[in-house]
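An overview of the molecular structure
This is what each chain is made of:
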Amino acid sequence: MTDDAQPLQPTEPAPTEAAPIEPAPAEAAPTEAGLTPAEAAPIEAEPTPGKPRRLPVTDVSLVVLIGTSGAGKSSFARKHFLPTQVISSDFCRGLVADDENDQSASTEAFALLHHIVGMRLAAGRLTVVDATNVQPEARKQLVRIARDHDVLPIAIVLDVPPGVCAERNRTRPDRQLPPHVIPRQHRELRRSLRGLEREGFRKVHVLRGEAEVTAAEIVPEKRFNDLRHLTGPFDIVGDIHGCRSELETLLTRLGYGLTRDAEGRAVDAAHPQGRTAVFVGDLVDRGPDTPGVLRLVMGMVAAGHAVCVPGNHENKLGRAMDGRKVTVSHGLQESLDQLAGEPEEFRAEVRAFMRGLVSHYLLDGGALVVCHAGLPEKYHGRASGRVRSHALYGDTTGETDEYGLPVRYPWAEEYRGRALVVYGHTPVPVASFLNNTICLDTGCVFGGSLTALRYPERELVSVEAEQEWYAPVRPMTTDAPGSREGRPLDLADVAGRRVVETALHGRVAVREENAAAALEVMSRFAIDPRLLAYLPPTMAPSATSRRPGYLEHPEEAFFAYREDGVRQVLCEEKHMGSRAVVLVARGDGALEKRFGIAGPGAIWTRTGRAFLGDDALTAAVLDRLRAAAERSGLFEELGTGWLLLDAELMPWSLKAAELLRRQYAAVGAAAGAALPEVLSALEQAAGRGLDLADLTARQRQRAADAQAFTEAYRRYCWPTEGLSGIRLAPFQVLAAEGANLAVRPHDVHLGWIDRLVAADDPQAPILHGTGRLLVDTADEASIAAGVAWWEELTAAGGEGMVVKPLASLVRGKAGEGRPGGLVQPGVKVRGREYLRIIYGPDYTEYLDQLRQRFLGHKRSLALREYALGLEALDRLAAGEPLWRVHEPVFAVLALESEPVDPRL
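The model shown is predicted, which means the values in this text are computed figures rather than measured ones.

About the criteria used
Residues numbered from 1 in each chain as written. Predicted model: local features only at pLDDT ≥ 70, side-chain atom pairs only at ≥ 80, totals over all residues. Heavy atoms only, no water. Buried < 20%, exposed > 50% of the residue type's maximum accessible area, 1.4 Å probe, protein only. Helix = DSSP H or I, 4+ residues; strand = E, 2+ residues; numbered from the N terminus. 1 Å grid on protein atoms, 1.4 Å probe; cavity = no way out; pocket = protein on both sides within 12 Å on 5 of 7 lines; lining within 4 Å. Points joined across faces, edges and corners; volume = space filled by probe spheres on them. Nonpolar A, V, L, I, M, F, W, Y, C, P; charged D, E, K, R; others polar. Phe/Tyr/Trp six-rings, centres within 6.5 Å; stacked < 30°, edge-to-face > 60°. Contact = heavy atoms within 4.5 Å. Polar contact = N/O pair within 3.5 Å; in protein donor to acceptor, adjacent residues only side chain to side chain. Patch = residues over 30% accessible without salt bridge, like charges linked within 9 Å, V, L, I, M, F, W, Y side chains within 5 Å. Areas by Shrake-Rupley, 256 points an atom, 1.4 Å probe, with all protein chains shown as cover. Salt bridge = Lys/Arg side-chain N within 4 Å of Asp/Glu carboxyl O. Pairing = 2+ DSSP bridges. Axes fitted to C-alpha atoms, helices over the stretch in contact; angles between N-to-C directions. Core = buried A, V, L, I, M, F, W, Y, C linked by side-chain atoms within 4.5 Å. Parallel < 35°, antiparallel > 145°, perpendicular 65-115°, else oblique. Left-handed = near helix turned anticlockwise from the far one by under 90°.

**As for helix α14 (residues 385-393)**
An α-helix turns once every 3.6 residues. As a result, residues three or four positions apart point the same way. Across the nine residues of α14, eight count as buried, placing the element largely inside the fold. Gly 385, Val 387, Arg 388, Ser 389, His 390, Ala 391, Leu 392 and Tyr 393 are the residues of α14 that are buried. Downstream of α14 by one or two residues, Gly 394 has phi in the positive range, about 75°.

**Re empty space enclosed by the protein**
Over the atoms, a rolled probe matching the size of one water molecule traces out where space is still vacant. One pass over the structure, following the stated rule, counts five cavities of 30 Å³ or more. Together, 21 residues line the largest cavity, and Pro 537, Arg 579, Gln 732, Pro 825 and Tyr 866 are the ones closest to its centre. If you list the elements that add at least two residues to the lining of the largest cavity, you get β30 (727-736) and α27 (856-877). Of the residues forming the lining of the largest cavity, the biggest block, four residues, is contributed by α27. In this structure, the second largest cavity spans a volume of roughly 70 Å³. The residue inventory of the lining of the second largest cavity, partitioned by class, reads five nonpolar, three polar and two charged.

**Quick look at the packing of aromatic side chains**
Counted according to the given criterion, the structure contains seven aromatic pairs. When the centroid spacing of 6.0 Å and the interplanar angle of 80° are considered together, the rings of Trp 411 and Tyr 415 count as edge-to-face. Residue classification places Trp 411 among the buried positions, given a relative accessible area of 10%. We classify Tyr 415 as buried; its relative accessible area is 3%. Judged by centre distance (6.1 Å) and plane angle (50°), the rings of Tyr 550 and Trp 790 are tilted.

**A closer look at the environment of Asp 59**
With respect to the helices and strands, the residue Asp 59 is situated in the loop between β1 (54-58) and β2 (61-66). When the C-alpha positions of Asp 59 and Val 219 are compared, they lie 9.7 Å apart, and in sequence the two are 160 residues distant. Contacts of Asp 59, omitting those with residues within four sequence positions, involve Leu 126, Glu 221, Lys 222, Arg 223, Asp 226 and Arg 228. Engagement of the side chain of Asp 59 in a polar contact is seen with the side chain of Arg 223, the distance being 3.0 Å.

**Here's the deal with a nonpolar patch on the surface**
Taken together, the side chains of Phe 91, Leu 95 and Val 96 define a hydrophobic patch exposed on the protein surface, amounting to about 280 Å² of accessible area. Inspection of the secondary structure puts Leu 95 in helix α2 (residues 89-97).

**What to know about the sheet that holds strand β8 (residues 226-227)**
Reading across the sheet, the six strands line up as β8-β14-β15-β18-β20-β19 and stay open at both edges, with mixed pairing between neighbours. In the strand order of this sheet, the two ends are held by β8 and β19 (433-434), each with one partner.

**Quick look at the pattern of salt bridges**
Overall, the coordinates contain 56 salt bridges when judged by the stated rule. Residue Glu 457 pairs with Arg 454 through a salt bridge whose shortest N-O separation is 3.9 Å. What makes Glu 457 partly exposed here is its relative accessible area of 33%. On the basis of relative accessibility, which here comes to 17%, the residue Arg 454 falls in the buried class. Across the salt bridge formed by Arg 579 and Asp 646, the nearest N and O atoms sit 2.8 Å from each other. You can see Arg 579 sitting in strand β27 (residues 578-585) and its partner Asp 646 sitting in strand β29 (residues 642-650), a full 67 residues away along the chain. Residues Arg 579 and Asp 646 agree in their burial class; the two are buried. By sharing partners, the salt bridges in this structure join Asp 235, Arg 275, Arg 454, Glu 457 and Glu 459 into a single network.

**Comments concerning the pairing of strand β21 (residues 449-455)**
Counting buried positions along β21 yields seven of seven residues, so the element is predominantly enclosed. The two faces of β21 match: Ser 449, Thr 451, Leu 453 and Tyr 455 on one face and Leu 450, Ala 452 and Arg 454 on the other face are all buried. The pairing of strand β9 (residues 234-237) with β21 spans four bridges and is classified as antiparallel. When the sheet's bridge partners are listed, Asp 235 is paired in β21 with Arg 454. Relative to strand β22 (residues 459-464), β21 runs antiparallel, the two sharing six bridges.

**Notes on the environment of Lys 203**
Along the chain, the position of Lys 203 falls in strand β6 (residues 203-208). We classify Lys 203 as buried; its relative accessible area is 10%. In this structure the C-alpha to C-alpha distance between Lys 203 and Thr 58, which are 145 residues apart in sequence, comes to 9.5 Å.

**Here's the deal with unusual backbone geometry**
Cis geometry is adopted by the peptide bond preceding Pro 233, which originates at Gly 232 and carries an omega value of 5°. By the element assignment, Pro 233 lies in the loop between β8 and β9. Its identity as a non-glycine residue notwithstanding, Asp 98 has a phi of 60°, on the positive side. With relative accessibility at 76%, the residue Asp 98 sits in the exposed group. We note that His 425 has phi near 80°; this positive angle belongs to a residue other than glycine.

**Overview of the side chain of His 380**
For His 380, the position within the fold is in the loop between β15 (368-370) and α14. Take His 380: its relative accessible area is 14%, and that puts it in the buried class.

**Re the sheet that holds strand β34 (residues 827-830)**
Strand order in the open sheet formed by five strands is β25-β34-β33-β26-β32, with mixed pairing between adjacent strands. A strand with exactly one partner marks an edge of an open sheet, and here the two such strands are β25 (540-541) and β32 (772-776). Pairing of strand β26 (residues 568-574) with strand β33 (residues 800-805), which is carried by six bridges, proceeds in the antiparallel orientation. Within β33, the residue paired with Val 569 across the bridge is Pro 805. Relative to the sheet, helix α23 (residues 746-758) contacts β26, β32 and β33, its axis offset from that of β26 by approximately 35°. Sheet strands in contact with helix α24 (residues 780-795) are β26, β32, β33 and β34, and its direction is about 150° off that of β32.

**Section: the pairing of strand β28 (residues 601-604)**
Neither face of β28 is exposed, since Gly 601 and Ile 603 on one face and Ala 602 and Trp 604 on the opposite face are all buried. Alignment of β27 against β28, held across four bridges, turns out to be antiparallel. By the bridge assignment, Val 582 is partnered in β28 with Ile 603.

**Looking at the nonpolar core**
With 48 residues, the main nonpolar core has Phe 595, Trp 604 and Leu 644 as its most contacted residues. Counting only elements with at least two residues in this core, the list comes to β24 (506-510), α16 (512-525), β27, β28, β29, β30, α27 and α28 (882-895). With nine residues, the top contributor of residues to this core is α27. Residues Ala 266, Leu 332, Phe 446 and Leu 450 belong to the second largest nonpolar core, which totals 42 residues.

**A short note on the packing of helix α11 (residues 312-321) against helix α12 (residues 332-340)**
Contact pair α11 / α12: the axes reach a minimum separation of 11 Å and the direction vectors enclose 50°. In terms of orientation, α11 lies oblique with respect to α12. Both α11 and α12 take part in a crossing whose hand is right-handed. Contact residues: Lys 316, Leu 317, Ala 320 and Met 321 in α11; Leu 332, Ser 335, Leu 336 and Leu 339 in α12. Of the residues in the contact of α11 with α12, the class split is six nonpolar, one polar and one charged.

**What about the environment of Phe 595?**
For Phe 595, the position within the fold is in helix α18 (residues 592-595). Classification of Phe 595 by relative accessible area gives buried; the value is 6%. Leave out the neighbours within four places in its chain, and Phe 595 touches Arg 530, Leu 531, Ala 533, Leu 583, Trp 642 and Leu 876.

Structure representation (C-alpha cells):
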C-alpha cells in the first residue's frame, strides 16, 4: 500500500517543454484512479481459518463499515477507533430529528454525515463511517467524497449471519425492524462483496462470522509518501536525463564518495556526514547513459543513501519495458536502445524499481515536499490518481506556445504553503526560489547544468553540462516558472480576519476592520512591497509616576524591569525626530537577489510610506550611509550586500511640517494672540480697584505655559536644504543577508552605530550618534545615576530616553500567577516639557486626571507588534517568500488601526 490509490491507467505523459507535443491515444488520459502497481493495494485474500485478522488501515483514509443492522458495526467502531473518528448515521439522525431511529430523517442525516466526512477528510483526519452501507449507491457517494479529498477509501465488511443480526435487533428495545429488512440487507451485502474493488475501494477487509469480527485487530499504517521522520540533511538533485558523468561530478562536489563495481561503474554513493540524496525524477531518456544513471541511483536507494520520486519519463519508460503500448518519443528510444544492451537481470531490476516509485514525499516533519512537476499544498501527503498525475506532469492552461508546447499553469506563483516544494520537470536557466518553491531542472541534457539544493542550508550547487546532449525545441528563457518573481502579493493574503503565528508570542489576531484599514494604506501609499520587509512596533510609555509634577519618571521603568527579572537595562537618548526604517544597498545589484529589485535602497515611515518625497534626496542620504558602512567595514564584517536599520530622521519638521502648522503652531499662535489681550484687560480692571489677583495669576500661568509649549516644539524644528540640516540617527541594525540581527544585545548595535557615525563625512556629517547609559536595576546608586542622566537630558531640551533590556530579547520570570512571557522591548520616559507638546500647554494642572490613563492596551499592542516585527525579520533571514514576510509586516500596520490613546 502506498500514497496513491490505484494502478495508473495507460497514460501518455504530458510533453515536456523540450519536446514537441504528440497526440495521446484515447485510452491514455489520466484518471482519478491512476496509480502505479506498487501503489495499488490488492484486495485481501481469504483469511486462514482460526488466525486473528490484522487489518491495515492507512493513517489518512476513509474507512467505510459495511454490514447489516445488528452486525456489530458500532461496537466494532467503538473498540478500534476514537469516538471523534467515527461518524454514525444514527447519530446524525439524532442531530437532525432528535431521534436516532427516525427513518424519515435519513435524507437530511446522510447529507449531514457526508458534510462532516468531507470536512474531516479536508483536514487530513482518519474518518470512519458507521452505517449499513450495503447498497452500492450509498457506497458510491462515500467513495466520491474520498476521491474529492484525495484519500484512500477502505472497506471493512462485517459479514455476520442474518440470524445473529436478527436476534441482536430483537434485544434492542429502541429498535424493532420489520422481519424482511435484515434478509434483504444481507442479500445486498452478499451481492456487493466481489465488486467492492471495482467500486474504488483500495483495501477490502472481509470479516466472516462473529469470531473473526471479535478477533480482528486494526493495524495503523503510514502513507507511503510519509517520510516526515527523515529530517536530513538532504541534497536534492534536479532532472538528470541520462547524464551519468555530470551526476558523478555533482555528487563528488557535494561530498559523496562513489563506490564502483569490478567494471568501474558507479553503483553507490555515500556522504561521510550522513547526508541523504533525493532525486526529483527524470533520471532517464535523451542523455548518453541512462543505464549508468539508473545503476547509480538504484544502488544509492537500495543502500539507504538516497530516496527517489518518479518523473514522467520514468513512468513512460516503465510502461514501455512492461510491454505496454506507448509512443516512442521525447528521448525514449535512446533509453530503450541503451537498456537493450544490458543483461535481463538488470532490466528486471529497473522495471521493479520504477514500479515502486512513489509520486511524492513529505520530509523533515512535513517542512519539505519533493516531487517531479510541483504540487499545490492541498495535495501534500494525499493519495489519488489526480495527485500522482499532478506530481508527474504538473498542470497546463490548455494553451500552446509558439513552439507548439503546452503553457504551464503557474501554480508556484500562487503557492502559499508552509512546506518548501522542490521539483523539476520544466527546464529553467537558473534555479531560484519563488513563493517557497524551487525548480531544479536547469537543463543539463540540453547543455545547461545539473543542479542540487542543499537542505536545510538552501544552498545551490551546480555543475556545467559536458555538452549539449539533446537539442531543446524551445530555448530555456527566463520566462520559465521559477526563474522570475511571480505575483508578489495576493488580496487573499491580507484580507479579512487574520491570525499570524509568531515564534515569540504565539498567535496574533488581526481584526477584519483593521485589515481593511491597513490595506488602504498599503495599496495606496506604501513603497514597493518587495522592499517593505519590516515595520517598527509602537512603544509603550513607562508606568505613570506619582511624583508631584511628573506624569512619567525613570524610576517606574527601572522598577518594572527589576520586577521582571531584568538586571541590566540600557538607557538610550530619545531623538525628537520621526521613526524611519532604512534599507541601504552596498551596490546597485545588491538588493536584487533577496528583494528582486535593483537600486540603492529605501527609507520609509512607520506606515510604510516613502519618508522623503524627493527621490534624489533619498538617494543622497542612502549614499552617505552606504559610504559610512563601507568605510567602517560593517558590510564586510556582517558578510552582506545590504543592511536594514531602525533610526530616527530629524528634524521633526522634515516629515511633520503640516502637523506643525495645523496643530502645534496654531495652538501657540492662538495663545500668543489671545492671552496678552486677556492680561491687558485684567490689569486695566485691577487698576479700577477690582480684586482679580487669582484670575490674573491663573492667566499669567497660562501665558507662560503657552510660551513653554511653543519653545518646546520649536526645539525640534529647523530649516533644511538638500542634505544640509538633515540628521539620521540609527540606533539598531535590524537585519543583513541571512541574519536577523535585532535579537543581538543593544550595546552591540550601538557599537556598530558608533562606527558608522565615526565613518561619516566629517566636513558635513548627517549621521548622528545616540547617547546611552547602562543601569543596574538592583543597584540604587546606578538607578540614581540613570535618573540624573534623564534629568540632564530633559533640562537641556531633550525629549527623554528609552529604557531597554540590554540583552534585547528577554522573557520575564514566571511566578506568583504570572506567566513568563515577553518583556517589553523598551519603554519611553518622556520629559516634562516634551509632554507639554503631547498633552497640551497647561497639562501639569490636570495631572491627577491624566494619571488615570489606561496603559494595558498600549502595552499589549507594543508586545504584539514587537513579536510580529521579529517574525518578519526571521522569515526574511530564512529566505522565505515575499508573502510570508509581508504577513507579519501587514499585521503590524493593521494593529496600528486599533483604537488607543495617541498621546500614550
